[in-house]
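Structural description and commentary
The chain contents come next:
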Amino acid sequence: METPVASKLQDSQEIIYLDWNNALDTMEKAHRSGLFVLIIGPKGTGKTTLVRRFASQMKKELDSVNFSLRTRESHLVGSRTLEKGQINFVEGVLVKSMKAGTLLYLDELNAAEADVLLRLDEALDDRRQLVLKEAEGQVIRAADDWFVVATINPLSHVGTKELPPQLLSRFPVRMRLEYPPEQIELDIVRRHVAVEEAMVKDIKHAIQLAKNLRDAAAVEELYYSPSLRETIAFAKMLNTGMPARKVAEVVYANAYDQWGQVEYQKVMDMITSIFGDS
Ligand SMILES: Nc1ncnc2c1ncn2[C@@H]1O[C@H](COP(=O)(O)OP(=O)(O)OP(=O)(O)O)[C@@H](O)[C@H]1O
Ligand SMILES: [Mg+2]
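Here we come to unusual backbone geometry. Phi is positive for asparagine 22, which is not a glycine, with a value near 60°. Along the chain, asparagine 22 turns up in the loop between α1 (5-10) and α2 (23-32). For asparagine 22, a relative accessible area of 48% puts it in the partly exposed group. One non-glycine residue, lysine 84, lies in the positive phi region at around 50°. If you trace the backbone, lysine 84 turns up in the loop between β3 (78-83) and β4 (86-91).

The subject of this paragraph is the nonpolar core. Within the largest apolar cluster, 49 residues are counted, with the highest numbers of intra-cluster contacts made by Met27, Leu106, Leu109, Trp146 and Phe171. In this structure phenylalanine 171 touches Phe36, Val37, Leu38, Leu106, Leu109, Leu124, Val148 and Ala150, once residues within four positions along its chain are discounted. With 32 residues, the next largest nonpolar core counts Met199, Ala206, Leu209 and Val247 among its residues.

Glancing now at the site of ligand 1. Near ligand 1, the surroundings consist of 16 residues, among which Leu18, Gly44, Thr48, Thr49 and His192 are the closest. A distance of 3.0 Å is found between an oxygen atom of ligand 1 and a backbone nitrogen or oxygen belonging to glycine 46. Between ligand 1 and the protein, one listed contact pairs a nitrogen atom with a side-chain N or O atom of histidine 192 at 2.8 Å. Taking 630 Å² as the accessible area of ligand 1 by itself, protein coverage stands at 86%. When contributions to the shell around ligand 1 are tallied by element, the ones reaching two or more residues are α3 (47-57), α8 (182-192) and α10 (228-239). Across the shell around ligand 1, the residue classes break down as seven nonpolar, six polar and three charged. Both domains that furnish three or more residues to the shell around ligand 1 are identified here as domain 1 (5-176) and domain 2 (182-275).

Moving on to the domain arrangement of the chain. In terms of domain boundaries, the chain breaks down into domain 1 (5-176) and domain 2 (182-275). Each of domain 1 and domain 2 was reduced to a C-alpha centroid, and the two centroids are 32 Å apart. Contact with domain 1, which involves nine residues of that partner, is made by 13 residues of domain 2. With both chains or domains summed, domain 1 and domain 2 bury close to 930 Å², and 63% of this area falls on carbon and sulfur atoms. Our enumeration of links across domain 1 and domain 2 arrives at zero salt bridges. On the surface where domain 1 and domain 2 come into contact, there are two residue pairs in polar contact (both at pLDDT 80 or more). When its residues are assigned to classes, the side of domain 1 that touches domain 2 shows five nonpolar, two polar and two charged.

Mapped onto the secondary structure, lysine 60 falls in the loop between α3 and β2 (62-66). With a relative accessible area of 12%, lysine 60 lands in the buried category. One polar contact links the side chain of lysine 60 to the main-chain carbonyl oxygen of glycine 101, over a distance of 3.2 Å. In contact with lysine 60, not counting residues within four places along its chain, are His31, Ala55, Gly101, Thr102, Leu103, Asp145 and Phe147.

As enumerated under the stated definition, the model contains nine aromatic pairs in all. A ring pair is formed by phenylalanine 36 and tryptophan 146, whose centres lie 5.5 Å apart and whose planes are at 80°; its orientation type is edge-to-face. Of this pair, phenylalanine 36 sits in the loop between α2 and β1 (37-40) while tryptophan 146 sits in the loop between β7 (138-141) and β8 (147-152), and the two are 110 residues apart along the sequence. Given a relative accessible area of 2%, phenylalanine 36 falls into the buried group. A residue is classified by how much of its surface remains accessible, and tryptophan 146, at 2% relative accessible area, is buried. Ring geometry for phenylalanine 234 versus tyrosine 252: centroids 6.3 Å apart, planes at 45°, classification tilted. In this pair, phenylalanine 234 sits in helix α10 while tyrosine 252 sits in the loop between α11 (244-251) and α12 (261-275), placing the two residues 18 residues apart along the sequence. By relative accessible area, which is 0% here, phenylalanine 234 ends up buried. By relative accessible area, tyrosine 252 is classed as buried at 2%. What links up through ring pairs into an aromatic cluster is the set Tyr223, Tyr224, Tyr256 and Trp259. Just above the ring of tyrosine 179 sits the side chain of arginine 214; from NZ or CZ to the centre is 4.1 Å.

Thresholds applied
- Residues numbered from 1 in each chain as written.
- Chains lettered and ligands numbered in written order.
- Predicted model: local features only at pLDDT ≥ 70, side-chain atom pairs only at ≥ 80, totals over all residues.
- Heavy atoms only, no water.
- Helix = DSSP H or I, 4+ residues; strand = E, 2+ residues; numbered from the N terminus.
- Buried < 20%, exposed > 50% of the residue type's maximum accessible area, 1.4 Å probe, protein only.
- Core = buried A, V, L, I, M, F, W, Y, C linked by side-chain atoms within 4.5 Å.
- Contact = heavy atoms within 4.5 Å.
- Near = heavy atom within 4 Å.
- Polar contact = N/O pair within 3.5 Å; in protein donor to acceptor, adjacent residues only side chain to side chain.
- Areas by Shrake-Rupley, 256 points an atom, 1.4 Å probe, with all protein chains shown as cover.
- Nonpolar A, V, L, I, M, F, W, Y, C, P; charged D, E, K, R; others polar.
- Domains from an automatic or database assignment.
- Buried area = accessible area lost by both parts, 1.4 Å probe.
- Salt bridge = Lys/Arg side-chain N within 4 Å of Asp/Glu carboxyl O.
- Phe/Tyr/Trp six-rings, centres within 6.5 Å; stacked < 30°, edge-to-face > 60°.
- Lys NZ or Arg CZ within 6 Å of the ring centre and 35° of its normal.

As structure tokens, then:
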């Protein structure tokens, strides 16, 4: 029997994650071996959820950094502040995580600027220490159980850069997270939404549509590849009583309108062939 969704949400400790490819086990073995992990996969394949679930199951505190071109060294390492005539050093998330031995989650690492990556490089090498030029050369040493997991989007992803080889080598355990097989995608949806039997056919259709759209995006026939988020959203909207074809339109087709009428019409045609006309 499925637990009702509402009671799952009340339990803030529980993070819904279906471990369909044994990713938690690989991560646990990497952690036990003191090796850092890199997760490679397109958006919405469960990378963040996997890491949150791992942290919760290992009872490890989680510190996250979401990288972008605007992420600065000071955010990671820390900065000096002046307060009542006194200069203080406020530790950044990297320093805090190293000292406390938390799980440091470096999300979309390949979106960061080179100078930021250089600083990480220092902390992540075998010595696991950081010299704070910002604080009189103080040396920060990482706690023994410090653990780092980074994610990168595949290079085909817009705006992503290649991870410099020396940084790549700091993460010797590499995990690929792809879109799951269709039956598993349905199981994942069931974890999030109470699915009545009558809805299963429509959800399978949505998964089929998502798969076709992903395939088309992979060969650059379409600009956008829908993720598990859309499939879950589809099931939730279907639950409100909206007809399946209409849900497919609002969750899938309309997104493509931003690339123009031709893209949109391609997706509408796919919807018609899968869901029928009405
Ligand atoms: N294996 C899974 N079990 C349960 N839920 C999942 C699973 N994989 C993905 N999800 C759900 O799919 C949605 C997207 O997952 P998540 O945010 O973890 O993906 P992501 O890979 O981190 O995406 P992004 O690259 O956009 O950050 C979430 O609602 C998450 O709960
Ligand atoms: Mg994420």
